[in-house]
Structure formats: structure tokens, C-alpha cells
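# Breakdown of the fold
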Amino acid sequence: MWHRVGHVVVPHSHETVDKVDAAMETSREGMRTLWLSLGVLGLTCAVQAVIVAVSGSVALLGDNLHNGADALTAVPLGIAFVLGRRAANRRYTYGYGRAEDLAGIAIVLTIAVSSLLAAYEAVDRLVHPREVTHLWAVALAAVAGFVGNEWVARYRIRTGRRIGSAALVADGLHARTDGFTSLAVLLGAGGVALGWRLADPLIGLLITAALLMVLRDAAREVYRRLMDSVDPALLDTAERTLRAVDGVRGLGQVRMRWIGHSLRAEAEIVVDSALTVVQAHALAVAAEHALIHAVPRLTAATVHTDHTAAAGTDPHAALAHHSAA
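These numbers were taken from a predicted model, which means no experiment stands behind them. (Residues numbered from 1 in each chain as written. Predicted model: local features only at pLDDT ≥ 70, side-chain atom pairs only at ≥ 80, totals over all residues. Heavy atoms only, no water.)

## Some remarks on the confidence of the model for the chain
The criterion, for reference: Within a predicted model, pLDDT stands for the predictor's per-residue confidence, ranging from 0 to 100. Pairs of residues are marked as contacts when any of their non-hydrogen atoms sit within 4.5 Å.
Chain-level pLDDT for the chain is 81 on average; 85% of the residues reach the 70-or-more range. This stretch, residues 1-14, has a pLDDT under 50; its non-local contacts, to residues over four places away or in other chains, come to 30 contacts.

If you want it as C-alpha cells, here you go:
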């Protein structure tokens, strides 16, 4: 219980790679579950928006924006799947995976505007208290928000376990914890009903804080993607894997970058100078094959072979002045 309550204050990651895995990507049932559950959340947001307009509850407004922000984070995933099916061409040689990052920027800006709106309304209501009307409708909207998130949670968890998608199960658990923000709105409505007028704006500020943390989380992930950031643990895994390949004498640089929700890598391996070109190529293919199996979400790797050199010689001497520049 405390973990779930704490999760409302410290939201889960909204990085696309955390929301998809191979089981879901290759399963029509998994994708259908994802989009149907998002449709339910969208309908819940629409109902809450109508009641916000009628009642003037800033706590419900914050919950509505929070649910909307969570739903919006699925947009890059949708774009990645739709555009990711398009083949690379001579202009977009790596394909269209970067469209996901562009959508992420738009979503961060949308969440930022939503956060500012929620904060402004909550502070304005504290400074200029106004009566919240239709408390019964606010309470029903809060319950609807909780029920919507719980339905989505059960549906995603059930499907995820059936198709073996850890990402879908995790997203279902996240939806379950998000329902607690809606219950907070219910508490705010109860406080107003008992005569504590500040209950609504205070709950609104609490939910705004959660929304700002969603913004921080999403902005950090988008920034990292745009800067080609990867988890150092992935590089550690790649280096261990390459060193374990029979015939690899040493390693040079190993690089990785995300393209959409897939990884690509570049690696330099050192091989025996006595190998033929055919043998060195076969070793590079074996190294790439090992990487693809060892590193999650890695789809391809370019492996460059260097040979062992005599002391005092540099096989890359012709490139030295370019590296120095």
C-alpha cells in the first residue's frame, strides 16, 4: 500500500523502451490491449473534463491532466510502431525511429503547459477561494478515474501474463498506482463537503506536484534520447560478451545509440594478425551474433576488426591527425 501511495508522488518511468518488449511488439493481442486500454483512459479523461467545467474543482482538473499526461506518453510508442514499419531508404538510411523522439518533445511541451495550468488554477483557488459545486459529480468522477485505471491495470496485467510481456504487466501495475490520484480527489471532495473549502485546492497542488514529476521524468528521458544516452550497464554487458567470443584478443571502443525503441551498436575488436580476411569476417559476424543475443533490444551491430600489431606500430597511423582534430 505504501509503495503504491509513494508511487503517486514519484511517478514511474515514461521511457518508451520500458513500455514495450519483444512479446508485446510481436503480439497483436498485446498491441490491441495497449490501444484499447488507452481508449478507456481517454474516455475517462473526457468525462472528468466535463465535470471539471461544471464543478470548478481544481483537484479534479489536476487528476484529469495527470491521467491525460500518462496517456500521452503512449503517443511516441504508436508513432514508433507505425513509422518503424517503413523501410530505410537512401535519405533516411537508419529508418524512421527518430520520429519517436520528435513526438516526445511535443509531449513534454504539452505536459509542461498542463502542469502550469494546474499549478495556476490551484494557487488562484487558494488566494481567491470559490465554492466547488456538484460535489456528487466530482466524487463520481474521482471514482470513475480510479475504476478506469483499475480496469486498465487488470486488463494489461492479464494480457501481459498470457503473452509473456513483462512490459505490459509493469504498465498495468503503474496504471493501478495512478488510480490513487483519483482517490485523492475523492478525499478532497469529502473535505469540501465537510466545510473545509481549502481541501480542493490543496489536493490540486498535491496532484500538480505529481504532474510536475511526470514532466521531469519525461523531459529527462527525451533529453537523454536526443543526446544518444544509453545505460552504462548495457555497455558493460556488450564488453563482457565480446571478450567472451572465442578469437577476440582485445577491445577498442564500443558505442550504442537508440533509434526509436531499438538499439544499434558499433564495436572494435582485436583479432590475430594471422587470420585471413574470411576468418576475420567470420569472427566479426560471431561477435555481432553474440551481442544481439546478449543485449536486450539490440537489432544490429557494426563490428570493426583490428589486428594485433608489433610493438611500436599503429595500424591506424594514417587516421591519427583526424582523431587529434
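Now that the structure has been shown, we can carry on.
## Looking at the nonpolar core
Keep this limit in mind: Remark: nonpolar core denotes a set of buried residues (Ala, Val, Leu, Ile, Met, Phe, Trp, Tyr, Cys) joined through side-chain atoms within 4.5 Å. Partly exposed residues are those whose accessible area sits between 20% and 50% of the maximum for their type, while under 20% is buried and over 50% is exposed, using a 1.4 Å probe and protein chains only. Every helix listed is a DSSP run of H or I at least four residues long, and every strand listed is a run of E at least two residues long, numbered separately from the N terminus.
Counting 28 residues, the largest nonpolar core has I51, L60, I111, V138, V185 and L211 as the members making the most contacts within it. Of all the elements in the fold, those that place two or more residues in this core are α3 (28-55), α4 (58-72), α6 (99-127), α7 (135-163), α8 (166-193) and α9 (199-226). The biggest single contributor to this core is α9, with eight residues.

## Focus on the sheet that holds strand β3 (residues 298-307)
What counts here: We call two strands paired when DSSP finds no fewer than two bridges between them. To define axes, lines are fitted to C-alpha atoms, for helices over the stretch in contact only, and angles between the resulting N-to-C directions are given on a 0 to 180 degree scale.
One open sheet accounts for three strands, arranged β1-β2-β3; its pairing is mixed. In the strand order of this sheet, the two ends are held by β1 (250-259) and β3, each with one partner. Going from strand to strand, the sheet's axes swing by 15° on average, the running direction of each strand aside. For β1 and strand β2 (residues 262-271), the ladder comprises eight bridges, and the chain directions are antiparallel. The partner of G250 across the bridge, within β2, is V270. Across the face of the sheet, helix α11 (residues 277-294) comes into contact with β2 and β3 while running at roughly 145° to β3.

## Topic: a nonpolar patch on the surface
We apply this condition: In this scheme, patches are assembled from residues that exceed 30% relative accessible area and form no salt bridge. Like charges are connected within 9 Å, while nonpolar side chains (Val, Leu, Ile, Met, Phe, Trp, Tyr) are connected within 5 Å. Residue-level accessible areas treat just the shown protein chains as cover; the underlying method is Shrake-Rupley with a 1.4 Å probe. Take a side-chain nitrogen of Lys or Arg and a carboxyl oxygen of Asp or Glu: if they are within 4 Å of each other, that pair is a salt bridge.
Together, L102, I105, L109, Y223, L226 and M227 make up a nonpolar patch on the protein surface, roughly 640 Å² of accessible area in all. Among the elements of the structure, α6 and α9 are those that each provide at least two residues to the nonpolar patch. If one sorts the elements of the nonpolar patch by residue count, α6 sits on top with three residues.

## Some thoughts on the packing of aromatic side chains
The condition is simple: Within 6.5 Å between ring centres, the rings of Phe, Tyr and Trp (the latter by its six-membered ring) count as paired, and their orientation is classed by plane angle as stacked under 30 degrees, edge-to-face over 60, tilted in between. Only lysine NZ and arginine CZ atoms are considered, and such an atom sits over a ring when it is within 6 Å of the ring centre and within 35 degrees of the ring normal.
Inspection of the entire model under this criterion finds two aromatic pairs. Their ring planes at 40° and their centres at 4.9 Å tell us that Y92 and Y96 sit as a pair that is tilted. In this structure Y96 comes out as buried when scored by relative accessible area, which is 16%. The ring of Y96 is capped by R86, whose NZ or CZ atom sits 4.4 Å from the centre of that ring.

## Regarding α4
Going by this rule: Each residue after the first adds 1.5 Å to the expected span of a helix. Pairing of N or O atoms within 3.5 Å defines a polar contact, subject to two protein rules: one partner must be a possible hydrogen donor and the other a possible acceptor, and residues neighboring in sequence count only if both atoms are side-chain atoms.
Taking 1.5 Å of rise per residue, the 15 residues of α4 would be expected to cover 21 Å, and the 21 Å separating its terminal C-alpha atoms lies within 8% of that figure. Among the residues of α4, the N-terminal cap falls to S57, whose side-chain oxygen and the backbone nitrogen of L60 are separated by 3.1 Å.

## So, the side chain of N67
As for its placement among the helices and strands, N67 is situated in helix α4. For N67, a relative accessible area of 3% gives the class buried. In this structure the side chain of N67 is engaged in a polar contact, spanning 3.5 Å, whose partner is the side chain of Q48. Here N67 is in contact with C45, Q48, N149 and S182, once residues within four sequence places are set aside.

## So, the pairing of β2
Heads up, the condition is: By convention, a crossover is right-handed whenever its connection, traced from the first strand over the helix to the second and viewed with the strands pointing away, goes clockwise.
In terms of residue burial, β2 counts as a mostly covered element, since seven of its ten residues are buried. Where β2 meets β3, nine bridges bridge the pair, whose relative direction is parallel. Bridging across to β3, L263 finds its partner in L298. You can see the chain leave β2, run along α11 and come back into β3, and the turn it takes is right-handed.

## Regarding the pattern of salt bridges
For the structure on display, the rule yields nine salt bridges. Residue D228 pairs with R257 through a salt bridge whose shortest N-O separation is 2.7 Å. With a gap of 29 residues between them, D228 in the loop between α9 and α10 (232-244) and R257 in strand β1 connect regions that are remote in the sequence. A relative accessible area of 25% means that D228 is categorised as partly exposed. The partner of R249 in a salt bridge is D272, with the nearest N and O atoms 2.7 Å apart. Of this pair, R249 sits in the loop between α10 and β1 while D272 sits in the loop between β2 and α11; the two residues are 23 residues apart in sequence, bridging distant segments of the chain. According to the relative accessible area criterion, R249 is exposed, its value standing at 54%. Beyond isolated ion pairs, a larger network of salt bridges with shared partners links R98, D101, D228 and R257.

## Observations concerning the packing of α10 against α11
Short version of the rule: Just so you know how the angles are binned, under 35 degrees is roughly parallel, over 145 roughly antiparallel, 65 to 115 roughly perpendicular, and the rest oblique. A clockwise turn of the near helix away from the far one marks a right-handed crossing, whereas an anticlockwise turn of less than a right angle marks a left-handed crossing. Lys, Arg, Asp and Glu make up the charged group, whereas Ala, Val, Leu, Ile, Met, Phe, Trp, Tyr, Cys and Pro make up the nonpolar group; the residues left over, Gly among them, are polar.
Across the interface, α10 lies against α11 with an axial gap of 9 Å and an inter-helix angle of 140°. In this view, α10 runs oblique relative to α11, as classed from their interaxial angle. The chirality of how α10 crosses α11 is right-handed. Across the interface between the two elements, T237, A238, T241 and L242 of α10 pack against A287, A290, L291 and A294 of α11. Each residue belonging to the contact of α10 with α11 can be placed in one class, and the counts come to six nonpolar, two polar and no charged.

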